[in-house]
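Understanding the architecture of this molecule
The primary structure of each chain is shown beneath.
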Amino acid sequence: MQKVKDLDISQHEKSNRIYNIRIEDEILDKLQFSFNKFDLTALELKPFSRFTIAKSLDDLTQSKLSELMNFILKDRNTGCFIISPKNMGSKLDDKFFVKLSTAIAYLIGNPNFDSMAGKYYARFHVKHEDNSDSYLRKAYRNMDLHTDGTYVKEVTDWLLMTKIEEENVEGGETAMLHLDDWEFCEELSKDPVGKQDFVWGSPKSKNVDYKVEHPVFSEDSEGRPQISYIDQFPEPKNMEQGIFLQKLSDCLEGSRYKIITKLPVGSIIVANNYFWLHGRKPFKENKALSRELLRIRGSFFIN
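Below, the structure is looked at part by part.

Once that is clear, we can look at the overall build of the protein chain. Counting its regular elements, the protein chain contains seven helices and 17 strands. The C-alpha atoms of the protein chain give 19 Å as radius of gyration, which agrees with the globular expectation for 303 residues (19 Å, within 12%). With respect to the three principal axes, the spread of C-alpha positions in the protein chain is 60 × 45 × 35 Å. Counting only residues that meet the buried cut, the protein chain has 55% of its 303 residues in that class. Relative to all contacts within the protein chain whose residues are 6 or more apart in sequence, the contacts with residues 24 or more apart total 78%. If you sum the accessible surface of the protein chain, you get close to 14,100 Å²; carbon and sulfur atoms cover 49% of it. Taking the average place of the 43 positive charges on the side chains of the protein chain and the average place of its 47 negative ones, the gap between the two points comes to 3 Å.

Written out as structure tokens, the structure is:
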């Protein structure tokens, strides 16, 4: 892995498939100046402004950052990185992290419209009490391993998640699994049922008023398995599909090769959505629990 000035690049302590990219203070100080020209409303209403802040970030690394991130994400052997400030300071507030997340996303590709939030990104809280219709905000349930974009028509090549804020939290660790490490991958990806079309819907909070059909498993251009799956949204057509989904869920959650890691505030994790699954461990109950996350997902640029 090449060196880039003012970036500290290393392999993750729990997986050589994941890279840590830590941004030095010199870049962060210059970024804050560039970011101050744009408020969040401008970014939300004027898409070209998002490319402007992305270029300002990339220019500070002589265009090496965009090259590095795209290389990692598109390499089947890796496909995931965690990027964060090397030093968290008081000036790095929630607005800064929305802008930094936006800049990173627009060096990778075009974000999808997030129907849940009504814009290109979504921010949401996980708290002690929850009345939502999705596991996303339910603090004390295990969020099983899954991929994103299973219920939408848009291409979802990659996913970005940022931890903006966290207080009174114990538990809630991130779970990750690379498809090539999964001990049941060959058995289940070659099962004919997994290549049938499944119906995928979504709860009302997602604001998607249609359903889609696609298989759980497909293949990339080199014949390697890809997965599109989340446990809450498939609508099995028959017993065969229902039993397959149960086996799939059990084999994913029972995998010995899940990576469990705790992400500090300010961490931005970005993963290839075709061969990385992600989830979250339950939190320990606490009435003052609070975590805020940001999500962007989208497609790679086609040049």
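Moving on, we get to the nonpolar core. Grouped burial of nonpolar side chains is what soluble globular proteins tend to show. Judged by nonpolar contacts, the single largest core of 44 residues is most densely connected at Trp182, Val216, Phe244 and Leu248. The element contributing the most residues to this core is helix H7 (residues 239-253), with five residues. When residues no more than four places from it in sequence are discounted, the contact partners of Trp182 are Leu177, Leu188, Phe217, Leu248, Cys251, Leu252 and Ser255. Ile21, Val98, Ala103 and Tyr121 belong to the second-largest nonpolar core, a separate cluster that totals 43 residues.

Moving on: the packing of aromatic side chains. Enumeration over the complete set of coordinates arrives at eleven aromatic pairs. Taken together, the ring pairs in this structure connect Phe51, Tyr106, Tyr120, Tyr121 and Phe301 into an aromatic cluster.

What follows covers unusual backbone geometry. Despite not being glycine, Gln62 shows a phi value in the positive range, around 55°. Here Gln62 shows up in the loop between helix H3 (47-59) and helix H4 (64-74). Its identity is not glycine, yet Asn207 carries a phi of approximately 60°, on the positive side. Following the sequence through the fold, Asn207 ends up in the loop between strand S9 (198-200) and strand S10 (212-214). In this structure Asn207 comes out as partly exposed when scored by relative accessible area, which is 49%.

To continue, consider the packing of helix H1 (residues 25-35) against helix H5 (residues 94-105). At their nearest, the axes of H1 and H5 sit 11 Å apart, and the two run at 95° to each other. Taken together, the axes of H1 and H5 are roughly perpendicular relative to one another. Where H1 abuts H5, its residues Leu28, Leu31, Gln32 and Phe35 lie against Phe96, Lys99, Leu100 and Ala103. Residues that form the contact of H1 with H5 fall into these classes: six nonpolar, one polar and one charged.

We now examine the sheet that holds S9. The strand order across the open sheet built from three strands is S10-S9-S13, with neighbouring strands paired in antiparallel fashion. The sheet is open, and its two edges are formed by S10 and strand S13 (234-235), each paired on a single side. Taken together, the two bridges between S9 and S13 define a ladder with antiparallel strand orientation. Following the sheet pairing, Trp200 is matched in S13 by Pro234.

Attention now moves to the pairing of strand S1 (residues 7-12). For S1 and strand S2 (residues 15-23), the ladder comprises six bridges, and the chain directions are antiparallel. In the strand pairing of S2, His12 is matched with Ser15.

This brings us to the sheet that holds strand S16 (residues 276-280). Strand pairing in a sheet relies on backbone hydrogen bonds. The paired strands run either parallel or antiparallel. What the four strands build is an open sheet, ordered S6-S16-S8-S14; its pairing is antiparallel. Looking along the sheet, the strands with just one partner apiece sit at the ends: strand S6 (143-146) and strand S14 (259-261). Taken over all neighbouring pairs, the strand axes of this sheet differ in orientation by 20° on average, direction set aside. Judged from the five bridges that link them, strand S8 (residues 174-178) and S16 form a sheet pairing that is antiparallel. Each residue of the ladder has a partner; that of His178, found in S16, is Trp276.

Each value, and the rule that gives it
- Residues numbered from 1 in each chain as written.
- Predicted model: local features only at pLDDT ≥ 70, side-chain atom pairs only at ≥ 80, totals over all residues.
- Heavy atoms only, no water.
- Helix = DSSP H or I, 4+ residues; strand = E, 2+ residues; numbered from the N terminus.
- Rg over C-alpha atoms; globule rule 2.2 N^0.38 Å.
- Buried < 20%, exposed > 50% of the residue type's maximum accessible area, 1.4 Å probe, protein only.
- Contact = heavy atoms within 4.5 Å.
- Areas by Shrake-Rupley, 256 points an atom, 1.4 Å probe, with all protein chains shown as cover.
- Lys, Arg positive; Asp, Glu negative; His and termini not counted.
- Charge placed at Lys NZ, Arg CZ, Asp CG, Glu CD.
- Core = buried A, V, L, I, M, F, W, Y, C linked by side-chain atoms within 4.5 Å.
- Phe/Tyr/Trp six-rings, centres within 6.5 Å; stacked < 30°, edge-to-face > 60°.
- Axes fitted to C-alpha atoms, helices over the stretch in contact; angles between N-to-C directions.
- Parallel < 35°, antiparallel > 145°, perpendicular 65-115°, else oblique.
- Nonpolar A, V, L, I, M, F, W, Y, C, P; charged D, E, K, R; others polar.
- Pairing = 2+ DSSP bridges.

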